[in-house]
Amino acid sequence: MIALAERVVLVLVEAGLEPVPAEISEHPAVRKFAGRKGKQPTQVLLDRSYHHHAMKSLMNGYKRGRPDIVHFCLLEALGSPLNNEGVLEVYVSTLGGYTLEVNTKVRLPRVYERFKGVIEQLFEKGVVEAETGEVLLRLEREPLEKLLARIKPSLKVLLSERGRLISMYEMGRLLESPRPAFMVGAFPHGDFTPETRRLADVEVSIWGGTLDAWTVVSRALCWAEQAVHAAGKT
């Protein structure tokens, strides 16, 4: 019988998730948007749907301001059979050097604007708790390198269109590692930084082209689930 992964770790990397940065907080579009929500500009999430013109001056602006990508990916991961079976761990590493640690029992809002409200609260307080006091989301200033050193995956797999194309069978071989971490880019355009690539043990692709991040998450977790179940029957 093939040894099964004890845990499967999902890390959304280089995520475009952050509050409005101070350098564009005085832009009229930003102030107007924040005013409608009754908040200060730096208390609302940067969102390209609303802040496109203000973001033109931001460094790496093409990667930033996409909380919707994180939202879609988390809904896919937390609703997966792999998570329902208690095998999955989920983290978000942001472009700004923060780690969002996700309690896999959390039920995130399905409505996007409500999700953004929860994340705004998280950036303000550093933690979101249930009424029982259980921590559902935790935010810390921690770059990807330190996150990976802390959680100690047995194998770090970067899912990238530039990686070696693998089959579902080969995905199963990766899952022979006891605690593999699958790193998925949660940004809309561009490529991984050299630093992110350096941290990976292997770089693979699950399709011969570009896919949306949430599709990569869904497909990779589905393959992982099927590989784990197939191994369990051998």
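Please refer to the structure placed before this passage.
Attention here is on the structure that accompanies the text. Counting restarts for each chain, with residues numbered from 1 along the sequence as it is written. Given that this is a predicted model, residues contribute local features only at a pLDDT of at least 70 and side-chain atom pairs are listed and counted only at 80 or more, while totals for whole chains, interfaces and linings are drawn from all residues. In computing side-chain properties, one takes all heavy atoms of the structure into account and sets aside hydrogens as well as water.

### As for the pattern of salt bridges
In a structure, side chains of opposite charge can pair up when their charged atoms sit close to one another. Using the following cut-off: The salt bridge definition used is simple: a Lys or Arg side-chain nitrogen within 4 Å of an Asp or Glu carboxyl oxygen. Residue exposure (1.4 Å probe, protein chains only): buried if accessible area is under 20% of the type maximum, exposed if over 50%, otherwise partly exposed. Numbering of helices and strands starts at the N terminus; helices are DSSP runs of H or I of at least 4 residues and strands are runs of E of at least 2.
In this structure the tally under the stated criterion is 19 salt bridges. A salt bridge links aspartate 68 to arginine 66; its shortest N-O distance comes to 2.8 Å. Look at arginine 66 and you get partly exposed, because its relative accessible area is 21%. Between aspartate 191 and arginine 162 there is a salt bridge; the shortest N-O distance is 2.5 Å. Linking aspartate 191 in the loop between strand 7 (180-185) and helix 8 (194-199) with arginine 162 in strand 6 (residues 155-165), this pair joins segments that are 29 residues apart in sequence.

### Some points on the sheet that holds strand 1 (residues 8-15)
Here is the rule we go by: Paired strands, in this sense, are two strands between which DSSP finds at least two bridges. Only the stretch in contact is used when fitting a helix axis, every axis being a line fitted to C-alpha atoms; angles between N-to-C directions are given from 0 to 180 degrees.
Taken together, the eight strands give an open sheet; going across it, the order is 4-5-3-2-1-7-6-8, and neighbouring strands pair in mixed fashion. The sheet is open, and its two borders are formed by strand 4 (127-129) and strand 8 (202-205), each paired with just one other strand. Put simply, the sheet's adjacent strands are angled 25 degrees from each other on average, direction ignored. Where strand 1 lies against strand 7, five bridges are found, and the strand directions are parallel. Note that in strand 7 the partner of valine 11 across the bridge is methionine 183.

### Considerations on helix 6 (residues 144-151)
Rule in force here: As used here, the arc belongs to the directions running from the helix axis to the C-beta atoms. It only takes one pair of heavy atoms within 4.5 Å for two residues to be counted as in contact.
Taken residue by residue, helix 6 has Leu144, Leu147, Leu148 and Ile151 as its buried positions. Down the axis of helix 6, the buried side of the element spans an arc of 95 degrees, and every buried residue falls inside it. Here the buried face of helix 6 lies against strand 1, strand 2 (88-94), strand 3 (98-102), strand 6, strand 7 and helix 8. Once helix 6 finishes, lysine 152 follows within two positions and takes phi at roughly 50 degrees, a positive value.

### Some words on the packing of aromatic side chains
Remark: the centre distance and the inter-plane angle together describe each pair of aromatic rings, the angle taken between the planes. The condition that has to hold: Stacked, edge-to-face and tilted are the three classes for Phe, Tyr and Trp ring pairs, Trp counted by its six-membered ring, which pair at centre distances within 6.5 Å; planes under 30 degrees apart are stacked, over 60 edge-to-face, the rest tilted.
As enumerated under the stated definition, the model contains four aromatic pairs in all. Arranged with centres 4.9 Å apart and planes meeting at 70 degrees, the rings of phenylalanine 72 and tryptophan 214 form a pair that is edge-to-face. Of this pair, phenylalanine 72 sits in helix 3 (residues 67-78) while tryptophan 214 sits in helix 9 (residues 213-232), and the two are 142 residues apart along the sequence. Looking at phenylalanine 72, the relative accessible area reads 39%, which means it is partly exposed. The class for tryptophan 214 is partly exposed, based on a relative accessible area of 22%. Where tyrosine 98 meets phenylalanine 123, the ring centres are 5.8 Å apart and the plane angle is 75 degrees; that geometry is what we call edge-to-face. Taken together, the positions of tyrosine 98 in strand 3 and phenylalanine 123 in helix 5 (residues 112-125) put the pair 25 residues apart, joining distant regions of the chain.

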